[in-house]
Amino acid sequence: MSGADEIFFRYSYDDQRGKPSAPNLSMDEIDTLFGPKAYAANQLPAPDWVRQHKIPGEVTSAVSIHQTGGDSSNRELRVEGRSGGRIGYWHKPVDPDASWSFEATDAGLTADLLDNRPGDHSDETLAAPSGIDYGYADPAQWTLDTTDFDYAASPAPLRLCAGEACVDLRLHLVDGLRLLRAADGLTGAPREYLAAIEVPQSVLDELPGQPPALAAAIQTLTGTARFREFKATATLGDLTLQLQGGPIVLRRTR
């Protein structure tokens, strides 16, 4: 769903609303080869994480998702746990507004009980900011920077400035397909991505009123489109955007 499997699926950052889904993979492949696209591609960027209600009882790390219908929304979440001294599982539809219910099975627990104290503790175990910044200065007197770049988090913030005028863009990153496992994190070997720069619609709407140098820089990055797709690589030393007009290499600054 995130956009990494271009062998079997078709993706697009263009608005796919109003287009029907292909009835099967063969029809989607035919649609890809001939003429205008009649069927919807998988919409990018992929849906963001959705916060579910906290489970009101004891739980373990045994989690599963069960299909209950043909659509992606037809899924049931199940979490092993205990309620009123009985062992079973908590379950609810994937709809974030739905509530948890408990089904007793009286089977043995398959994993240890977790610390499920009341209240929101989700930010207590988050990873620290990466501390990795990249920057680029163009001969045309504009700069492009990203701070606390995280190899596994998308989108990454991009700050584009020309003189005193600046706008905030987004860099969407999807891991490219690979035959072998890549090392965790960033190394000296390039980590490959399918990427896209997103210009917020508000920035595009105000483009005619932007300083000429900033407007020209935006057009260098994305033309006049809201999204521009390309490939990118990241190492401990640099972040390379392989744009059609030539690569832009952001060097590590921190």
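In this report, the structure presented in the accompanying data block is examined. Just so it is clear, the model here is predicted, and its values are computed rather than measured.

Parameters at a glance
Residues numbered from 1 in each chain as written. Predicted model: local features only at pLDDT ≥ 70, side-chain atom pairs only at ≥ 80, totals over all residues. Heavy atoms only, no water. Core = buried A, V, L, I, M, F, W, Y, C linked by side-chain atoms within 4.5 Å. Buried < 20%, exposed > 50% of the residue type's maximum accessible area, 1.4 Å probe, protein only. Contact = heavy atoms within 4.5 Å. Helix = DSSP H or I, 4+ residues; strand = E, 2+ residues; numbered from the N terminus. Arc of directions from axis to C-beta. Disulfide = S-S within 2.5 Å. Pairing = 2+ DSSP bridges. Axes fitted to C-alpha atoms, helices over the stretch in contact; angles between N-to-C directions. 1 Å grid on protein atoms, 1.4 Å probe; cavity = no way out; pocket = protein on both sides within 12 Å on 5 of 7 lines; lining within 4 Å. Points joined across faces, edges and corners; volume = space filled by probe spheres on them. Nonpolar A, V, L, I, M, F, W, Y, C, P; charged D, E, K, R; others polar.

To continue, consider the nonpolar core. Core analysis: the biggest nonpolar cluster contains 36 residues, and Trp-142, Leu-144, Phe-149, Leu-160, Leu-171, Leu-221 and Leu-241 have the highest contact counts within it. Apart from residues lying up to four places away in sequence, Leu-171 is in contact with Ser-154, Pro-155, Ala-156, Leu-158, Ala-195, Ala-196, Ile-197, Phe-230, Leu-239 and Leu-241.

A few words now on helix H3 (residues 212-222). Taken together, the buried positions of H3 are Leu-214, Ala-215, Ala-217, Ile-218, Leu-221 and Thr-222. Buried residues of H3, viewed axially, fall in a sector of 160 degrees; they line one side.

Simply put, disulfide is the name for a covalent bond between the sulfur atoms of two cysteines. Tallied over the full model, the rule gives one disulfide. A disulfide bridge connects Cys-161 with Cys-166, and the sulfur atoms are separated by 2.0 Å. Negative torsions about the S-S bond denote left-handed disulfides, and the value of about 110 degrees found for Cys-161 with Cys-166 makes this one right-handed. The class of Cys-161 is buried, set by a relative accessible area of 14%. Judged by its relative accessible area of 30%, Cys-166 is partly exposed.

It is worth spelling out the sheet that holds strand E10 (residues 165-175) at this point. Think of a sheet as strands paired side by side through backbone hydrogen bonds, with each pair either parallel or antiparallel. An order of E7-E8-E9-E10-E11-E12-E13-E14 is seen for the eight strands of this closed barrel, with the pairing classed as antiparallel. Between one strand axis and the next, the sheet turns through 30 degrees on average, direction left out of account. Two elements, strand E7 (residues 134-138) and strand E8 (residues 142-146), share five bridges in a ladder whose sense is antiparallel. Along E8, the bridge assignment pairs Asp-138 with Trp-142.

This part is about the layout of surface pockets. What the largest pocket holds in volume is close to 1400 Å³. Trp-49, Val-50, Arg-51, Gln-52 and His-53 are, among the 33 residues lining the largest pocket, the residues nearest its centre. Elements with a minimum of two residues in the lining of the largest pocket: strand E3 (58-67) and strand E4 (75-83). For the lining of the largest pocket, the leading source of residues is E3, giving six residues. Its residues assigned to classes, the lining of the largest pocket shows 13 nonpolar, 11 polar and nine charged. Of the voids in this model, the second largest pocket is the one considered here, and its volume is about 640 Å³. For the lining of the second largest pocket, the element with the most residues is E10, which contributes four residues. Of the residues assigned to the lining of the second largest pocket, the class counts are 14 nonpolar, three polar and two charged.

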